[in-house]
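One letter stands for each residue in the lines below.
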Amino acid sequence: MSTPRTDVEQVELANTAFYEAMERGDFELLSSLWLAPLDTSEDDVEGEGAVISCVHPGWPVLNGRGEVLRSYALIMANTDYIQFFLTDVHVSVTGDMALVTCTENILSGGPTPDDSDELGPLVGQLVVATNVFRRTADGWKLWSHHASPVLAESGEEEDDDTSG
């Protein structure tokens with residue numbers, strides 16, 4: 001495998017690693033992909049570095065490493081299966097900042113019913129996401145993740161014909 005040559009390729013790999021960590025339930029890897037206080041301490045007068053943020057679909061804004069990582073621990077603890085199929089991925093890099101927009105086509109399964117060895121029912125969801133990355137000495141790290149559900153079309157066409 002060749003080494004990524006451009007910032008865009010490196011950001012694409014960091015973005016993919018984020019979703020793969022979620023799929024595998026690898027909390028340690030997921031945690032390492034987010035900015036840590038030491039990554040950006042020059043940005044904050046208090047010496048705490050840049051504050052990370054996250055918005056999961058239907059959740060309030062989570063700010064700070066503790067809140068964000070707790071949310072992922074909670075999601076991982078309550079999701080037996082999750083798979084992301086990313087589409088419409090666009091990467092833009094300016095200096096030490098990168099913006100990734102994508103559509104998350106998510107397939108997930110809830111906890112296994114007590115009387116069965118099989119996964120709970122699988123559910124599909126369509127979510128649009130914006131991931132903001134920042135270049136650090138250790139590579140590109142997530143600064144912010146914002147995901148919003150896409151409203152499903154009802155399939156019914158409205159009759160706008162008012163003529164009679």
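Here the structure is a predicted model, which means the values were calculated and not measured.

Regarding unusual backbone geometry
Although it is not a glycine, Asp88 sits at a positive phi angle of roughly 55°. Mapped onto the elements, Asp88 comes out in strand 3 (residues 81–94).

So, the sheet that holds strand 3
Overall, mixed pairing links the 6 strands, which are arranged 2-1-6-5-4-3 in an open sheet. Looking along the sheet, the strands with just one partner apiece sit at the ends: strand 2 (62–63) and strand 3. In this structure, strand 1 (residues 53–55) lies alongside strand 6 (residues 139–149), joined through 3 bridges in parallel fashion. Bridge pairing in strand 6 links Val55 to His146.

So, helix 1 (residues 7–24)
Side chains that are three or four residues apart share a direction in an α-helix, a result of its 3.6 residues per turn. A rise of 1.5 Å per residue sets the reference length of helix 1, with its 18 residues, at 26 Å; its end C-alpha atoms lie 26 Å apart and thus fit the reference within 8%. For helix 1, the full list of buried residues reads Val11, Ala14, Asn15, Phe18, Tyr19, Ala21 and Met22. Each buried residue of helix 1 lies within a common arc of 155° when the element is viewed along its axis, so the set occupies one face. Where helix 1 is buried, its residues touch helix 2 (27–32), helix 3 (65–77), strand 3, strand 4 (97–109), strand 5 (122–136) and strand 6. Positive backbone phi, at 70°, marks Gly25, one or two positions downstream of helix 1.

Some points on the pattern of salt bridges
Applying the stated rule across the entire model yields 2 salt bridges. One salt bridge in this structure joins Asp7 and Arg135, with 3.0 Å as the shortest N-O distance. Linking Asp7 in helix 1 with Arg135 in strand 5, this pair joins segments that are 128 residues apart in sequence. Residue classification places Asp7 among the partly exposed residues on the basis of a relative accessible area of 28%. Arg135 gets classed as partly exposed once you look at its relative accessible area, which sits at 30%. With its nearest N and O atoms 2.7 Å apart, the salt bridge here joins Arg135 to Asp96. Linking Arg135 in strand 5 with Asp96 in the loop between strand 3 and strand 4, this pair joins segments that are 39 residues apart in sequence.

Cut-off values and rules
Residues numbered from 1 in each chain as written. Predicted model: local features only at pLDDT ≥ 70, side-chain atom pairs only at ≥ 80, totals over all residues. Heavy atoms only, no water. Helix = DSSP H or I, 4+ residues; strand = E, 2+ residues; numbered from the N terminus. Pairing = 2+ DSSP bridges. Expected span 1.5 Å × (residues − 1). Buried < 20%, exposed > 50% of the residue type's maximum accessible area, 1.4 Å probe, protein only. Arc of directions from axis to C-beta. Contact = heavy atoms within 4.5 Å. Salt bridge = Lys/Arg side-chain N within 4 Å of Asp/Glu carboxyl O.

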